[in-house]
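# Structure at a glance
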Amino acid sequence: MERTFLMIKPDGVQRGLIGEIIARFEKKGLKLVAGRFEVLPEDRVMEHYAEHKDKPFFPGLKAYITSGPCFLMVWEGKNVVSITRQMIGATNPAEALPGTIRGDFALEIGMNVIHGSDSDETADREIAIHFKPEEIVSFEKID
Ligand code: CMP
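The shown structure was predicted, so the numbers you read here are calculated from the model rather than taken from an experiment.

## As for the overall build of the protein chain
Helices and strands together make up the secondary structure of the protein chain, namely seven helices and four strands. Secondary structure elements of the protein chain, listed N to C terminal, follow the sequence β-α-α-β-α-α-β-α-α-β-α. Against the 2.2 N^0.38 benchmark of 15 Å for 143 residues, the protein chain shows a C-alpha radius of gyration of 14 Å, consistent with a compact globule. Taken along the three principal axes of its C-alpha coordinates, the protein chain extends 45 × 35 × 25 Å. In the protein chain, which comprises 143 residues, the share counted as buried stands at 48%. Pairs at least 24 residues apart make up 77% of the contacts formed inside the protein chain by residues separated by at least 6 positions. Surface accessibility of the protein chain: about 7,700 Å² in total, with carbon and sulfur atoms responsible for 54%. Placing the 18 positive and 23 negative side-chain charges of the protein chain at their respective mean positions leaves the two points 2 Å apart.

## Quick notes on the pairing of strand β1 (residues 3-8)
Taken across its six residues, β1 has five buried, putting it largely inside the fold. Bridge analysis of β1 against strand β3 (residues 70-76) gives six bridges, and the strand direction is antiparallel. From the neighbouring strand, Arg3 faces β3, where its bridge partner is Glu76. With three bridges joining them, β1 and strand β4 (residues 114-116) adopt antiparallel strand pairing. Looking across to β4, one finds that Leu6 is bridged to Gly116.

## Remarks on the site of the ligand
The local shell around the ligand consists of Lys9, Tyr49, His52, Phe57, Leu61, Thr91, Arg102, Ile109, Asn112 and His115. Contact between the ligand and Arg102: an oxygen atom at 3.3 Å from a side-chain N or O atom of the residue. The protein chains hide 79% of the 450 Å² of surface that the ligand would expose on its own. Given that more than half its atoms are within 2 Å of the pocket grid, the ligand belongs to the largest pocket. Looking at side-chain class alone, the shell around the ligand contains four nonpolar, four polar and two charged residues.

## Points about the layout of surface pockets
For the largest pocket, the calculated volume is near 490 Å³. Of all the secondary structure elements, the ones that give two or more residues to the lining of the largest pocket are α4 (58-65), β4 and α7 (120-130). Classifying every residue of the lining of the largest pocket by side-chain character gives six nonpolar, ten polar and seven charged.

## Looking at helix α2 (residues 18-28)
Within α2 the residues assigned to the buried category are Ile18, Ile21, Ile22 and Phe25. Buried residues along α2 cover an arc of 95° about the axis, so they all sit on one side. Positive backbone phi, at 110°, marks Gly29, one or two positions downstream of α2.

The rules behind these values
- Residues numbered from 1 in each chain as written.
- Predicted model: local features only at pLDDT ≥ 70, side-chain atom pairs only at ≥ 80, totals over all residues.
- Heavy atoms only, no water.
- Helix = DSSP H or I, 4+ residues; strand = E, 2+ residues; numbered from the N terminus.
- Rg over C-alpha atoms; globule rule 2.2 N^0.38 Å.
- Buried < 20%, exposed > 50% of the residue type's maximum accessible area, 1.4 Å probe, protein only.
- Contact = heavy atoms within 4.5 Å.
- Areas by Shrake-Rupley, 256 points an atom, 1.4 Å probe, with all protein chains shown as cover.
- Lys, Arg positive; Asp, Glu negative; His and termini not counted.
- Charge placed at Lys NZ, Arg CZ, Asp CG, Glu CD.
- Pairing = 2+ DSSP bridges.
- Near = heavy atom within 4 Å.
- Polar contact = N/O pair within 3.5 Å; in protein donor to acceptor, adjacent residues only side chain to side chain.
- 1 Å grid on protein atoms, 1.4 Å probe; cavity = no way out; pocket = protein on both sides within 12 Å on 5 of 7 lines; lining within 4 Å.
- Sits in = over half its atoms within 2 Å of the grid points.
- Nonpolar A, V, L, I, M, F, W, Y, C, P; charged D, E, K, R; others polar.
- Points joined across faces, edges and corners; volume = space filled by probe spheres on them.
- Arc of directions from axis to C-beta.

Purely spatial values, then, with no claim about function.
Shown next as structure tokens:
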């Protein structure tokens, strides 16, 4: 079964958007199979955002992502990576369409509410960074 890693960032947690965001994915028919609150430790931030570590925005990104608890999740479903990317919307909320999570709830690229893996390979890598296999549950979903 296809899986992806989604993370509600500190601004999304602090603004009380966890329920709204989870409801959107559940109503779509996707299945939440792991979830946990966590203030990300520095080593995991470096691993997760390794491709951005030399970018000018990285110090700000690191400060923001560790400013409070994130809500880390694994979701399962057919085409889950591309479907959740569509539902999340463009990285820059100014370009995210209304109806997407960032289009509806975010204004700035520096505080864009949620992260979603951008490919199946990235999803495998990010799930392995943040979750142990035994933290991911298995159950039958009734549609
Ligand atoms: P995310 O989907 O988590 O992947 C990388 C993150 O870096 C992105 O969301 C933004 O939060 C952040 N980011 C990307 N580009 C910029 C930028 N130009 N300025 C600030 N933050 C950025």
